[in-house]
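# Topology and contacts: notes
One-letter residues, chain by chain:
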Amino acid sequence: MNWSITTIAITLLVVGNLAASLSDVAVKMLEGGISTFQYVFLRQLFSVLIVLPLWLKQSKLQRALTAPAIITIRALLIIIGSGCMMIAVTHLPLATANAIFYAAPLLMLPLSVLLLKEIPPWGKALSTMIGFIGVLIVLRPSQFHWAGYFALGTAITLALFNLLARKLPAQQTVITALFWTSLISLPITALLAYLTWQPLDWQALLLVACSAGLILLYNGLAVKAYKAAPAGQIALAEYSGLVFVVLLGVWGFNEIPDSMTALGILLIIVPLLPLKELTQRRKRDL
């Protein structure tokens, strides 16, 4: 089976969003038992420790820090986005927080035009709007909470973080990008964590480590995806995480979707399907 670059990039984002959804669940299970800056510091520290062996296996040329300005900006976005995410997930229902998180792909379309000069086809823009309508139908936030502003902050930083992946040098490996981004974020997060430090038990550390590993997997797959294909062509795949959140709710919290939720899921999934490629492949088979 010969997959196009766009289809491969979409697949990477779908897998990455499954990891990100599980990371949100781990954060929710912390139940606010850790300070925001403490969580961000530990998550970035675990990220460095996870990536370090893989980074050391590379050649000296591959390990080098290139595009330091872009890497530093992405590190700052991680700090801001991670802090906002924890506050949102802690104080909002998981579904409500994710409803706002998934504004990120919608924001990526105008941002890709502004920052990368990429003009998405009208079909992609329309599909994104349909997907966003599906998000609202599935999650239907019952009321706006002050923590919603932090969820919106996460969406904005996530959109910028992914778009800036296309500014990274082609020769820079995903492992190197992840390592330097995580490492550069440590000094600031360490200072902030020190000022708000509180005792932790092993269960909290385990949840933070799981969250770090899962979100690191998402970041790595997102870098590969957005470096492989234009953001406007694949950003809709970010909505797949919404489906995973619903399924995790059914499995872990006995939250059975109603008919409106099923309709919303349909509106999200259908635009994700590579219908054009499937149609062309079927014609070739006839």
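Residues numbered from 1 in each chain as written. Predicted model: local features only at pLDDT ≥ 70, side-chain atom pairs only at ≥ 80, totals over all residues. Heavy atoms only, no water.

This part covers the overall build of the protein. Counting its regular elements, the protein contains 14 helices and zero strands. The linear arrangement of helices and strands in the protein, starting from the amino end, is α-α-α-α-α-α-α-α-α-α-α-α-α-α. For the protein, the proportion of contacts with a sequence separation of at least 24, taken over those separated by at least 6, is 90%. Counting only carbon and sulfur atoms, one obtains 72% of the accessible surface of the protein, whose full area is about 14200 Å². (Helix = DSSP H or I, 4+ residues; strand = E, 2+ residues; numbered from the N terminus. Contact = heavy atoms within 4.5 Å. Areas by Shrake-Rupley, 256 points an atom, 1.4 Å probe, with all protein chains shown as cover.)

At a minimum axis distance of 9 Å, the contact between helix H1 (residues 5–30) and helix H4 (residues 68–91) shows a crossing angle of 65 degrees. As for how H1 packs across H4, the hand of that crossing is right-handed. Taken together, the residues of H4 that come into contact with H1 (itself represented by Asp24, Val27 and Lys28) are Met85, Met86, Val89 and Thr90. Per-class residue counts for the contact of H1 with H4 are four nonpolar, one polar and two charged. (Axes fitted to C-alpha atoms, helices over the stretch in contact; angles between N-to-C directions. Left-handed = near helix turned anticlockwise from the far one by under 90°. Nonpolar A, V, L, I, M, F, W, Y, C, P; charged D, E, K, R; others polar.)

On to the packing of aromatic side chains. According to the stated counting rule, one finds three aromatic pairs in the structure shown. Consider the rings of Trp55 and Phe179, whose centres lie 4.1 Å apart with planes at 15 degrees: the pair is stacked. Of this pair, Trp55 sits in helix H2 (residues 36–56) while Phe179 is found in helix H9 (residues 174–195), placing the two residues 124 residues apart along the sequence. Phe179 matches Trp55 in its accessibility class, with the two residues each being buried. Ring centres of Phe179 and Trp180 lie 5.4 Å apart, and the angle between their planes is 75 degrees; this geometry places the pair in the edge-to-face category. (Phe/Tyr/Trp six-rings, centres within 6.5 Å; stacked < 30°, edge-to-face > 60°. Buried < 20%, exposed > 50% of the residue type's maximum accessible area, 1.4 Å probe, protein only.)

H9 packs onto H4 with a crossing angle of 60 degrees between their chain directions and a minimal axis gap of 8 Å. Taken as axis vectors, H4 and H9 run oblique relative to one another. Crossing of H4 against H9: the hand is right-handed. Residues Ile71, Thr72, Arg74, Ala75, Leu76, Ile78 and Ile79 of H4 form the contact with H9, whose own contacting residues are Ala177, Trp180, Thr181, Ile184, Ser185, Ile188 and Thr189. (Parallel < 35°, antiparallel > 145°, perpendicular 65-115°, else oblique.)

Right, let's talk about the confidence of the model for the protein for a bit. Close inspection of predicted coordinates is inappropriate in any region flagged by low pLDDT. Of all residues in the protein, 89% have pLDDT values of 70 or greater, and the mean over the chain is 82. Predicted confidence for residues 281–286 stays below pLDDT 50, and this span has one contact to residues more than four positions away or in other chains. (pLDDT = per-residue confidence, 0-100.)

Glancing now at the environment of Ile133. Residue placement: Ile133 occurs in helix H7 (residues 122–139). Residue class for Ile133 comes out partly exposed when judged on its relative accessible area of 44%. Separated by 134 residues in sequence, Ile133 and Leu267 place their C-alpha atoms 7.5 Å apart.

Turning our attention to the nonpolar core. Tyr39, Phe101, Tyr226 and Ile234 are the most contacted members of the largest nonpolar core, which totals 73 residues. Examining the composition of this core, we find that ten residues originate from one element, helix H10 (residues 202–228), more than from any other. Setting aside residues no more than four positions away along its own chain, Tyr226 makes contact with Leu13, Met108, Asn162, Ala165, Arg166, Ala231, Ile234, Ala235 and Glu238. (Core = buried A, V, L, I, M, F, W, Y, C linked by side-chain atoms within 4.5 Å.)

A few words now on unusual backbone geometry. With a phi close to 50 degrees, Ala67 is a non-glycine residue in the positive phi region. Relative accessible area serves as the criterion here: at 24%, Ala67 is assigned to the partly exposed category.

The subject of this paragraph is a nonpolar patch on the surface. A cluster of nonpolar residues, Met260, Leu263, Leu266 and Val270, forms a patch on the protein surface that exposes about 330 Å² of accessible area. Owing to a relative accessible area of 35%, Val270 belongs among the partly exposed residues under this scheme. (Patch = residues over 30% accessible without salt bridge, like charges linked within 9 Å, V, L, I, M, F, W, Y side chains within 5 Å. Salt bridge = Lys/Arg side-chain N within 4 Å of Asp/Glu carboxyl O.)

Before going further, it helps to spend a moment on helix H8 (residues 148–164). Here H8 spans 25 Å end to end across 17 residues, near enough to the 24 Å set by a 1.5 Å rise per residue. Among all positions of H8, only Gly148, Ala151, Gly153, Thr154, Ala155, Thr157, Ala159, Phe161, Asn162, Leu163 and Leu164 are buried. (Expected span 1.5 Å × (residues − 1).)

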